[in-house]
Amino acid sequence: MATGRVIRAISGFFDVNDGEVTRRCRARGVFKKQGVTVLVGDIVEYEPMGSQEGVVVSVHPRSSELVRPPIANTDHALVVFSFVTPDLTPLMLDKTITSVLIAGVKPSIVFTKADLAEPSFVEAVSSLYRKCGFQTLAISAKQGEGVEQVRTLMQGRINVFAGPSGAGKSTLANAVAPGLKLQMGAVSEKIGRGRQTTRHVELFQLDHETWLADAPGFSQLQLSVPARELGTFFPEFQKVNCAYRGCSHLDEEGCAVRASVERGEIAQSRYDSYQQMYHEIREREENMY
Ligand SMILES: Nc1nc2c(ncn2[C@@H]2O[C@H](COP(=O)(O)OP(=O)(O)OP(=O)(O)O)[C@@H](O)[C@H]2O)c(=O)[nH]1
Ligand SMILES: [Mg+2]
Ligand SMILES: [Zn+2]
């Protein structure tokens, strides 16, 4: 029996790396029956077969699990969104950040394509998210600006890129680690979106303690948290200490979060995202019964 890390999952096969060799493995038959899934990032026990194959027999407990992108055991998600092409959508950005926090993974925000955006927009957006307490970078992979800072942020961690198609995740991965030679795609002018160039989650080892997973872009996300707890995943809401236990921060009299929004301290766009997400979750909760 041997131990390794799943670095790729393609049509029923799992590529398992033991630090030196990568073997193409299938999962033991009983997994499906037991509802056990194997994710990229999983540490697994496997039975080697021949020199290049094997069978995964068990999965170690996970330290974290993200659904979008599907990956286990990462400790750092770089939330990658472009300022333009595709245009920044605050709701999707806020949802992605929140989903990462719900999974117990630390997010950092990387805004890309700064070379295509108005400097005043770059500054306004970056400072909004910095004020919330997030580590935030504005970069241009095309011009090599900020790439070194991204590399520093990733050092010593198991990183994953999360964000919409066309945001520039693979371009950034290539800039950070030119040896990867990942495929990059154009953004469709007609629909203003990326074309899902990256098809699979794949984990690459950058040095003995640093890993990076490139992943397909996504445009939809379901938050797995009760509506009542959503506010705890907005760090700037936590700072104002709303005194009401279980406050939804929507219409309670004397809510400190709403007062802070009205004073212009909590960003209106973040509060709008919160409301939208809250209602989406409520709707799902109501349909469950
Ligand atoms: N001007 C400019 N273009 C960029 C930058 N980064 C990426 N792009 C372009 O954006 C397009 C999409 O880049 P990708 O790296 O394929 O995007 P992705 O996020 O990996 O997309 P998916 O794999 O579909 O999820 C390509 O045409 C890139 O050349 C940048 O910093 N500046
Ligand atoms: Mg890609
Ligand atoms: Zn409140």
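Calculation criteria
- Residues numbered from 1 in each chain as written.
- Chains lettered and ligands numbered in written order.
- Predicted model: local features only at pLDDT ≥ 70, side-chain atom pairs only at ≥ 80, totals over all residues.
- Heavy atoms only, no water.
- UniProt positions renumbered as here; feature names shortened; annotations may be inferred.
- Phe/Tyr/Trp six-rings, centres within 6.5 Å; stacked < 30°, edge-to-face > 60°.
- Lys NZ or Arg CZ within 6 Å of the ring centre and 35° of its normal.
- Helix = DSSP H or I, 4+ residues; strand = E, 2+ residues; numbered from the N terminus.
- Buried < 20%, exposed > 50% of the residue type's maximum accessible area, 1.4 Å probe, protein only.
- Polar contact = N/O pair within 3.5 Å; in protein donor to acceptor, adjacent residues only side chain to side chain.
- Contact = heavy atoms within 4.5 Å.
- Salt bridge = Lys/Arg side-chain N within 4 Å of Asp/Glu carboxyl O.

Looking at an unreviewed UniProt entry, one finds the chain named Small ribosomal subunit biogenesis GTPase RsgA and attributed to Alicyclobacillus dauci. Note on the chain: under the UniProt heading Subunit (unreviewed entry), the record states "Monomer. Associates with 30S ribosomal subunit, binds 16S rRNA." As its UniProt record puts it under Subcellular location (unreviewed entry), the chain is described as follows: "Cytoplasm".

## What about the packing of aromatic side chains?
The geometry of two aromatic rings is summed up by the distance between their centres and the angle between their planes. Summed over the entire model, instances satisfying the criterion amount to 9 aromatic pairs. Counting every residue linked through ring pairs, the aromatic cluster contains F234, F237, Y271, Y274 and Y278. A cation sits over an aromatic face here: R5 above W211, 4.5 Å from the ring centre.

## So, the side chain of K95
Mapped onto the elements, K95 comes out in helix α2 (residues 90–102). The class of K95 is buried, set by a relative accessible area of 8%. Within the structure, K95 has its side chain in polar contact with the backbone oxygen of L221 (distance 3.2 Å). Look past the residues within four positions of K95 in its chain and what remains in contact with it is L221, L223, M277 and E280.

## Quick notes on the pattern of salt bridges
Considering all chains together, one arrives at 13 salt bridges under this definition. Across the salt bridge formed by R228 and E252, the nearest N and O atoms sit 3.9 Å from each other. Of this pair, R228 sits in the loop between β13 (210–214) and α6 (235–239) while E252 sits in the loop between α6 and α7 (256–262), and the two are 24 residues apart along the sequence. On the basis of relative accessible area, R228 is assigned to the exposed category, the value being 51%. Between E286 and R282 there is a salt bridge, with the nearest N and O atoms lying 3.0 Å from each other. Taken together, the residues span about one helical turn, with E286 and R282 both in helix α8 (residues 268–287) at a distance of 4 residues.

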